[in-house]
Amino acid sequence: MIEEEIEVCNFTCRIIRSEDIRNPIVFLHGYIYTSDIWRDINVLSYLEEKNIPFIAIDMPYGLKSMCKPKTDDVELNVKVVERIVSNNKPLLVGASLGGYIAVRYSLRNPVKGLLLISPVRCLEDDLIRSYRNLNVKTYIIYGENDKIVPFEEMKKLSDHLNAKLIVYEDAGHPAYIDKPLKFREDLIELYYSVFRNKT
């Protein structure tokens, strides 16, 4: 596992990545987290054991992220992901605000799949009009005790994206933190379904 700072789009961003980053799982954290969260719930070490490529990015929108300067500008955040992902076609994982950036990214860049964890702002009018052009395998994870995003929004989003909606019992907005083993199972299931057959 490699941790490094990179210069991209006039930002200095930290990433945590595997040695091989071809066809990776790319992780975008929520507003109050950093890329450390994916390491803290042991998902990165699990992927490393399975030789699955990954990149976890500290994003400019993050309140505590190790990325300077900070900005909540959507276009700039999407550009950061575009530059880091480069010519790869990733499985994109986004939590909350990271899910929103993942959706915006996937509407103009090729992705293998999307795993969205209670993404915010994803029923904006321009997005709804664009979803008919997005044909990619998508999972949406929702914590049944989420106090930030209403279940009805996730149901509507899953209908628009033809996504599999997975509700985690006894979990809040960061359902992947509350149920890390379940999250890991769903992530691996989606990964194998879009990249290769499980062996």
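Everything quoted here is computed from the prediction, not taken from an experiment.

J.: Outline the overall build of the protein, supporting the account with residue identities and numerical values.
T.: In terms of regular secondary structure, the protein is built from eight helices and nine strands. Structurally, the protein occupies a C-alpha span of about 40 × 40 × 30 Å along its principal axes. The proportion of buried residues among the 199 residues of the protein is 54%. In the protein, 64% of the contacts between residues at least 6 apart in sequence involve partners at least 24 apart. By element, 44% of the accessible surface of the protein is carried by carbon and sulfur atoms, the whole surface being about 9,500 Å².

J.: So what's going on with helix α6 (residues 151-161)? Residues and values would help.
T.: All of the buried residues in α6 are Met154, Leu157, Ser158 and Leu161. Taken down its axis, α6 places every buried residue within 100° of arc, on the same side. With respect to the buried face of α6, the exposed residues turned more than 90 degrees away are Glu152 and Asp159. Of the surrounding secondary structure, the elements contacted by the buried residues of α6 are β7 (113-117), β8 (137-143) and β9 (164-168). Asparagine 162 sits one or two positions beyond α6 and adopts a positive phi of about 50°.

J.: Tell me about the pairing of β8, and please be specific about residues and values.
T.: The buried count for β8 comes to six of seven residues, which makes it a mostly enclosed element. Two elements, β7 and β8, share five bridges in a ladder whose sense is parallel. Bridged to leucine 116 within β8 is isoleucine 140. Since β7 and β8 lie parallel, the crossover through helix α5 (residues 125-130) that links them has a hand, and here it is right-handed.

J.: Quick one: what's the story with the packing of aromatic side chains, residue by residue and with numbers?
T.: This model, assessed by the stated rule, comprises seven aromatic pairs. Centre to centre, the rings of phenylalanine 27 and tryptophan 38 are 4.9 Å apart; their planes meet at 40°, and the pair counts as tilted. Of the two residues, phenylalanine 27 sits in strand β3 (residues 25-28) while tryptophan 38 sits in helix α1 (residues 36-40), which places them 11 residues apart along the sequence. Of the two residues examined, phenylalanine 27 and tryptophan 38, each falls in the buried class. Plain terms: the ring middles of tyrosine 191 and tyrosine 192 are 5.6 Å apart, the flat faces sit at 65° to each other, and that makes the pair edge-to-face. Like tyrosine 191, the residue tyrosine 192 is buried in the burial classification. Here the basic side chain of arginine 184 rests over the ring of tyrosine 46, its NZ or CZ set 4.0 Å away from the ring centre.

Criteria and cut-off values
Residues numbered from 1 in each chain as written. Predicted model: local features only at pLDDT ≥ 70, side-chain atom pairs only at ≥ 80, totals over all residues. Heavy atoms only, no water. Helix = DSSP H or I, 4+ residues; strand = E, 2+ residues; numbered from the N terminus. Buried < 20%, exposed > 50% of the residue type's maximum accessible area, 1.4 Å probe, protein only. Contact = heavy atoms within 4.5 Å. Areas by Shrake-Rupley, 256 points an atom, 1.4 Å probe, with all protein chains shown as cover. Arc of directions from axis to C-beta. Pairing = 2+ DSSP bridges. Right-handed = clockwise from strand over helix to strand, strands pointing away. Phe/Tyr/Trp six-rings, centres within 6.5 Å; stacked < 30°, edge-to-face > 60°. Lys NZ or Arg CZ within 6 Å of the ring centre and 35° of its normal.

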